[in-house]
Amino acid sequence: MILGIRCSTNDFSFAVLSGNIQAPQLHEVQSISFPTKYSQPEKLRWFLDELQELNRKYTISGWAIKGAEPMAAKGKSYAERVELEAMISLSAAILGSSNAVRKVKPTIAKDLGLKGRAKSLVEDLDFTKIAGLDQKNDKEFEAIVVAWSCL
């Protein structure tokens, strides 16, 4: 089971997949808003608890983080996102695993057997391998494809 995560400062999207690159199986995909009244440390703790619950529910063997693209890698929002993404690695470590990877779109595309370009995920990806993939919002799509690229 691979857990794919796409974080923002307001919410996170996750996807749980199993199978392999040629035959992925989507078990769950969802977007969840962070509590609005929490301080950043409280948000981090809450997020870690959410991740641990997903780990218990699915017995996750690999964690895939959809990292920020280079153009978005600056500013306060980026720093908050990096802190949230660190909770994913911590969650994996608590369970005794170091199997957490961080990928951007060109790497995801390449690992899915496409050209190593971000737009390959839109233009060349076989959307029929995961039912409803073409109807997901951008964040859920990114959570799914980052997990898929790690199968």
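Residues numbered from 1 in each chain as written. Predicted model: local features only at pLDDT ≥ 70, side-chain atom pairs only at ≥ 80, totals over all residues. Heavy atoms only, no water.

**Student:** Describe the overall build of the protein, and please don't skip the residues or the numbers.
**Tutor:** Along its length, the protein carries five helices and five strands. When the helices and strands of the protein are read in sequence order from the N terminus, they spell out β-β-β-α-β-α-β-α-α-α. What you see for the protein is a C-alpha radius of gyration of 15 Å, in line with the 15 Å of a compact globule of 151 residues. On the principal axes, the C-alpha backbone points of the protein span a range of 40 × 35 × 25 Å. Per-residue burial over the protein gives 46% buried out of 151 residues. Looking at the protein alone, contacts between residues at least 24 apart form 61% of all its contacts between residues at least 6 apart. Across the protein, the 20 positively charged side chains and the 18 negatively charged ones have centroids separated by 4 Å. (Helix = DSSP H or I, 4+ residues; strand = E, 2+ residues; numbered from the N terminus. Rg over C-alpha atoms; globule rule 2.2 N^0.38 Å. Buried < 20%, exposed > 50% of the residue type's maximum accessible area, 1.4 Å probe, protein only. Contact = heavy atoms within 4.5 Å. Lys, Arg positive; Asp, Glu negative; His and termini not counted. Charge placed at Lys NZ, Arg CZ, Asp CG, Glu CD.)

**Student:** Got a sec to walk through the nonpolar core? Specific residues and values, please.
**Tutor:** In this structure, L3, I5, F12, F14, F47 and I88 are the most contacted members of the largest nonpolar core, which totals 22 residues. Breaking this core down by element, the ones donating at least two residues are β1 (2-7), β2 (11-19), α1 (40-58), β4 (62-66) and α2 (75-94). Top element by residues in this core is α1. It accounts for seven residues. Formed by 21 residues, the second largest nonpolar core is a distinct cluster that contains A109, L125, I130 and A143. (Core = buried A, V, L, I, M, F, W, Y, C linked by side-chain atoms within 4.5 Å.)

**Student:** Could you give an account of the pairing of strand β3 (residues 24-33), with specific residues and numbers?
**Tutor:** Judged from the nine bridges that link them, β2 and β3 form a sheet pairing that is antiparallel. Counterpart to S18 in the pairing with β3 is Q25. (Pairing = 2+ DSSP bridges.)

**Student:** Summarise the side chain of Q52; cite the residues concerned and give the values.
**Tutor:** Along the chain, the position of Q52 falls in helix α1. Leave out the neighbours within four places in its chain, and Q52 touches S91, I94 and L95.

**Student:** Please provide a residue-by-residue account of the pattern of salt bridges, values included.
**Tutor:** The full count for this structure, using the stated rule, is eleven salt bridges. For D111, the salt bridge is made with K103, and the minimal N-O distance between the two is 2.6 Å. Taking relative accessible area as the criterion, D111 reaches 34% and is therefore assigned partly exposed. Close ionic contact of R117 with D124 constitutes a salt bridge, the shortest N to O distance being 3.8 Å. A relative accessible area of 31% places R117 in the partly exposed class. One continuous salt-bridge network, built from bridges that share partners, spans R6, K105 and E142. (Salt bridge = Lys/Arg side-chain N within 4 Å of Asp/Glu carboxyl O.)

**Student:** Quick one: what's the story with the sheet that holds β2, residue by residue and with numbers?
**Tutor:** Reading across from one edge, β3-β2-β1-β4-β5 is the order of the five strands in this open sheet, with mixed pairing throughout. Only two strands of the sheet have a single neighbouring strand rather than two, namely β3 and β5 (100-103). When strand polarity is set aside, the average angle formed by the axes of neighbouring strands in this sheet is 20 degrees. Sitting on the sheet, helix α5 (residues 138-148) is in contact with β1, β2, β3, β4 and β5, with an inclination near 35 degrees to β2. (Axes fitted to C-alpha atoms, helices over the stretch in contact; angles between N-to-C directions.)

**Student:** So what's going on with unusual backbone geometry? Which residues, and what values?
**Tutor:** Negative phi values dominate among residues other than glycine, just as trans dominates among peptide bonds. The phi torsion at T59 lies on the positive side, around 50 degrees, for a residue other than glycine. Exposure remark for T59: the relative accessible area of 61% places this residue in the exposed category.

**Student:** Hey, could you go over the packing of aromatic side chains for me, with residue numbers and the actual values?
**Tutor:** Tallied over the full model, the rule gives seven aromatic pairs. Centre to centre, the rings of F12 and W46 are 6.3 Å apart; their planes meet at 70 degrees, and the pair counts as edge-to-face. Of this pair, F12 sits in strand β2 while W46 sits in helix α1; the two residues are 34 residues apart in sequence, bridging distant segments of the chain. Look at F12 and you get buried, because its relative accessible area is 0%. A centroid spacing of 5.4 Å and a plane angle of 85 degrees characterise the contact between F34 and F47, whose relative ring orientation is edge-to-face. Highlighted residues: F34 in the loop between β3 and α1 and F47 in helix α1, separated in sequence by 13 residues. Its relative accessible area of 5% is what places F34 among the buried residues. Judged by relative accessible area, F47 falls into the buried class, the value being 0%. Within the aromatic cluster, the residues linked to one another by ring pairs are F12, F14, F34, W46 and F47. (Phe/Tyr/Trp six-rings, centres within 6.5 Å; stacked < 30°, edge-to-face > 60°.)

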